[in-house]
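So the chains spell out like this:
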Amino acid sequence: MSAKILDGKAIALELRESIRAEVERQVAAGNDRPGLAVIMVGEDPASQVYVRNKKLACEKAGFNDVSEVLPAETTQEEVLALIDKLNADDKVHGIIVQLPVPAHIDPEEIIERIHPCKDVDGFHPYNVGRLATRMPQLAPCTPHGVMTMLEKTGIPLRGLDAVVVGASNIVGVPMTLELLNARATVTVCHSATKDLAEKVSQADLVVVGVGIPEMVKGAWIKPGAIVVDVGINRMDDGRLVGDVEYEAAKEHASWITPVPGGVGPMTIATLLENTMKVAYELECKA
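Predicted model, so just to flag it, every value in this text is computed and none were measured.

### A closer look at the overall build of the protein chain
Phase 1: Helix and strand content of the protein chain: ten helices and twelve strands.
Phase 2: Against the globule reference of 19 Å for 286 residues, the protein chain gives a C-alpha radius of gyration of 19 Å, in line with a compact fold.
Phase 3: Viewed in the frame of its principal axes, the protein chain has a C-alpha envelope of about 50 × 45 × 40 Å.
Phase 4: Counting over 286 residues, the protein chain shows a buried share of 46%.
Phase 5: Considering only residue pairs separated by 6 or more positions, the protein chain has 72% of its internal contacts joining residues 24 or more positions apart.
Phase 6: Summing over all exposed atoms, the protein chain offers an accessible surface of approximately 13,500 Å²; the carbon and sulfur share of this is 53%.

### Some thoughts on the pairing of strand β9 (residues 226-229)
Phase 1: Residues Ile226 and Val228 of β9 are buried on one face, and the alternating residues Val227 and Asp229, pointing to the opposite face, are buried as well.
Phase 2: For strand β8 (residues 205-208) and β9, the ladder comprises four bridges, and the chain directions are parallel. Paired with Val208 across the strands is Asp229, a residue of β9.
Phase 3: Taken together, the two bridges between β9 and strand β12 (residues 255-256) define a ladder with parallel strand orientation. Of the residues in β12, the one forming a bridge with Ile226 is Trp255.

### Describing the packing of helix α1 (residues 8-28) against helix α10 (residues 263-280)
Phase 1: One way to put it is that α1 packs onto α10 with a least axis distance of 9 Å and a crossing angle of 20°. In terms of orientation, α1 and α10 fall into the roughly parallel class. Helix-helix and strand crossings are classified by hand; for α1 and α10 the assignment is left-handed. Facing Gly8, Lys9, Ile11, Ala12, Leu15, Arg16, Ile19, Glu22, Val23, Gln26 and Val27 of α1, the residues of α10 in contact are Pro265, Met266, Ala269, Thr270, Leu272, Glu273, Met276 and Tyr280.
Phase 2: Class assignment of the residues belonging to the contact of α1 with α10 gives a composition of twelve nonpolar, three polar and four charged.

### As for the pattern of salt bridges
Pairing of side chains with opposite charge becomes possible as their charged atoms draw close.
Phase 1: In total, this model carries nine salt bridges according to the counting rule given.
Phase 2: Note that Asp237 and Arg239 form a salt bridge whose closest N and O atoms lie 2.8 Å from each other.
Phase 3: Among the residues examined, Asp237 registers a relative accessible area of 54% and is labelled exposed.
Phase 4: A salt bridge links Lys250 to Glu247; the nearest nitrogen and oxygen atoms lie 3.1 Å apart.

### Brief notes about α1
Phase 1: Relative to the 30 Å expected for 21 residues at 1.5 Å per residue, α1 spans 30 Å between its end C-alpha atoms, a close match to the ideal helical length.
Phase 2: Burial in α1 covers these residues: Gly8, Ile11, Ala12, Leu15, Ile19, Val23 and Gln26. With its buried residues spanning 110° around the axis, α1 presents them on a single face. Within α1, the exposed residues directed more than 90 degrees away from the buried face are Lys9, Glu17, Arg25 and Ala28.
Phase 3: Buried positions along α1 lie against α2 (45-61), α6 (141-151) and α10.
Phase 4: For α1, the N-terminal cap is Asp7; the gap from its side-chain oxygen to the backbone nitrogen of Lys9 is 3.2 Å.
Phase 5: The positive-phi residue at the C-terminal boundary of α1 is Gly30, with phi of around 100°.

### What to know about helix α5 (residues 125-132)
Phase 1: If you check which residues of α5 are buried, you get Asn127, Arg130 and Leu131. Seen from one end, α5 has its buried residues packed into an arc of 100°, which puts them on one side.
Phase 2: Looking at the buried side of α5, the elements it contacts are α7 (172-181).

### Points about a negative patch on the surface
Phase 1: Negative charge collects at one region of the surface, where Glu43, Glu73, Glu77, Glu78, Asp106, Glu108, Glu109 and Glu112 lie side by side.
Phase 2: Counting residues per element, the ones that place at least two in the negative patch are α3 (76-87) and α4 (107-113).
Phase 3: In terms of residues, the negative patch owes the most to one element, α4, which gives three residues.
Phase 4: As for its position among the elements, Glu109 is in helix α4.

### Describing the sheet that holds β12
Phase 1: One open sheet accounts for six strands, arranged β1-β12-β9-β8-β6-β7; its pairing is parallel. On the outer flanks of this sheet lie β1 (4-5) and β7 (185-189), each paired with one strand and no other.

### Quick word on the environment of Ala12
Phase 1: Along the chain, Ala12 turns up in helix α1.
Phase 2: Expressed as a C-alpha distance, the spacing of Ala12 and Ile268, which sit 256 residues apart in the sequence, is 8.1 Å.

Reading the values: the criteria
- Residues numbered from 1 in each chain as written.
- Predicted model: local features only at pLDDT ≥ 70, side-chain atom pairs only at ≥ 80, totals over all residues.
- Heavy atoms only, no water.
- Helix = DSSP H or I, 4+ residues; strand = E, 2+ residues; numbered from the N terminus.
- Rg over C-alpha atoms; globule rule 2.2 N^0.38 Å.
- Buried < 20%, exposed > 50% of the residue type's maximum accessible area, 1.4 Å probe, protein only.
- Contact = heavy atoms within 4.5 Å.
- Areas by Shrake-Rupley, 256 points an atom, 1.4 Å probe, with all protein chains shown as cover.
- Pairing = 2+ DSSP bridges.
- Axes fitted to C-alpha atoms, helices over the stretch in contact; angles between N-to-C directions.
- Parallel < 35°, antiparallel > 145°, perpendicular 65-115°, else oblique.
- Left-handed = near helix turned anticlockwise from the far one by under 90°.
- Nonpolar A, V, L, I, M, F, W, Y, C, P; charged D, E, K, R; others polar.
- Salt bridge = Lys/Arg side-chain N within 4 Å of Asp/Glu carboxyl O.
- Expected span 1.5 Å × (residues − 1).
- Arc of directions from axis to C-beta.
- Polar contact = N/O pair within 3.5 Å; in protein donor to acceptor, adjacent residues only side chain to side chain.
- Patch = residues over 30% accessible without salt bridge, like charges linked within 9 Å, V, L, I, M, F, W, Y side chains within 5 Å.
- Lys, Arg positive; Asp, Glu negative; His and termini not counted.
- Charge placed at Lys NZ, Arg CZ, Asp CG, Glu CD.

Listed below in structure tokens is the structure:
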């Protein structure tokens, strides 16, 4: 058996085209274009790539891009002041701060300063809390993008045994909440988990986001399982690989995401979806 490919690039393109069509419909009706502000502090090379991709995605979707690139020596107070300014700007519907930030910047304080109704990354405790209580407002982009992908399999998640490998606030924890809300039975694995291989081998659905190249072996995958690989790692020879041993895993799985071209495009598409939701749908309750 060889797995079907969950093509995040194609699914994201379809989503982005529907977003653009809705934006043009709203603009024709006299409404503003969605405005997205991406704040980057410093010159981290990976962050520069991500911000450039988000800027391009904004342009293609018909959004107003109001990105702010700040020097590495920018103070915490200056970043907070910028966020306050963007919070008060009616033309800005979404605000995100590109992580990582320089060591002298406290990311938790920065994230909490963004108004929950403009927190289109979905990282603010208010939005994570709403997800945890089954009243989602703006869901974290990567896990919600994964849920959009899983819909394309046509396999109901209700009752599936799911294993999430990784317990980060960005992926693992909100992914667990999304799956619980879909009525899957979820086991969360992390660095202290005993017998990871055994737990993975029992899962109908495996979602992995740990940042360790090919940590989850293909032989661990239960025949017919769905495998979602959130990781992306550059090897010394220049190859990009995920956190799952792809070639071996695809011989066991029913569906699998490629790396690259799997989850990554869905994260940016969901960011646009959240921003459009703020612009045209959300009645702020924060």
